[in-house]
Amino acid sequence: MSVKVRIPTILRTYTGGQAEVPAEGTKLSEVIDSLEKDHPGIAARVLDDQGKLRRFVNVYVNDDDVRFEGGLETATPDGAGISIIPAVAGGC
């Protein structure tokens, strides 16, 4: 399945500055593999050493937080929009 992945500014060095890139896969883990194939190095910023989503990286498939869905097994239907959003901390 073909999906569109929205890339945060901090990861755009891996996508040649592109804010949105296409990827393939029927589930999130396959989409991340596709991203890594086309944009080497990006998976290491999204996944930890155990191959799980990094704690401070949020991923949404069509506005649904994958942590409350199926994690890396979350289905990615054809045409889905996927957002990678690094968590922001701080404040007063």
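Described below are features of the structure shown in this document. Given the structure is predicted, the values throughout are model-derived calculations rather than measurements.

**With respect to the overall build of the chain**
Consideration 1: Each helix and strand in the chain was counted, giving two helices and five strands.
Consideration 2: Along the chain, helices (α) and strands (β) appear in the sequence β-β-α-α-β-β-β when read from the amino end.
Consideration 3: Taking 2.2 N^0.38 as the reference for a compact globule, 92 residues should give roughly 12 Å; the C-alpha atoms of the chain span a radius of gyration of 12 Å, in line with that estimate.
Consideration 4: Based on the C-alpha atoms only, the size of the chain along its principal axes is roughly 45 × 30 × 25 Å.
Consideration 5: Counting across all 92 residues of the chain, residues that qualify as buried make up 38%.
Consideration 6: If you take every contact in the chain between residues at least 6 apart in sequence, the share linking residues at least 24 apart comes to 50%.

**Quick look at the nonpolar core**
Consideration 1: Ranked by size, the top nonpolar core spans 23 residues in total, and within it Val5, Ile32, Val46, Leu53, Ile82 and Ile84 carry the most contacts.
Consideration 2: Of all the secondary-structure elements, those providing two or more residues to this core are β1 (2-6), β2 (20-24), α1 (28-38), α2 (42-46), β3 (57-61) and β5 (81-86).
Consideration 3: Considering every element that reaches this core, the biggest residue donor is α1, with four residues.

**Comments concerning the environment of Val31**
Consideration 1: Locating Val31 in the fold gives a position in helix α1.
Consideration 2: Counting along the chain gives 27 residues from Val31 to Lys4, while the straight-line C-alpha distance between them is 9.6 Å.

**Regarding unusual backbone geometry**
Consideration 1: One non-glycine residue, Asn62, lies in positive phi territory at about 50 degrees.
Consideration 2: Its location among the elements puts Asn62 in the loop between β3 and β4 (64-65).
Consideration 3: The exposure class of Asn62 is partly exposed, given its relative accessible area of 40%.
Consideration 4: Backbone geometry at Asp63 places phi at a positive 75 degrees, although glycine is not the residue there.

Thresholds, definitions, all that
- Residues numbered from 1 in each chain as written.
- Predicted model: local features only at pLDDT ≥ 70, side-chain atom pairs only at ≥ 80, totals over all residues.
- Heavy atoms only, no water.
- Helix = DSSP H or I, 4+ residues; strand = E, 2+ residues; numbered from the N terminus.
- Rg over C-alpha atoms; globule rule 2.2 N^0.38 Å.
- Buried < 20%, exposed > 50% of the residue type's maximum accessible area, 1.4 Å probe, protein only.
- Contact = heavy atoms within 4.5 Å.
- Core = buried A, V, L, I, M, F, W, Y, C linked by side-chain atoms within 4.5 Å.

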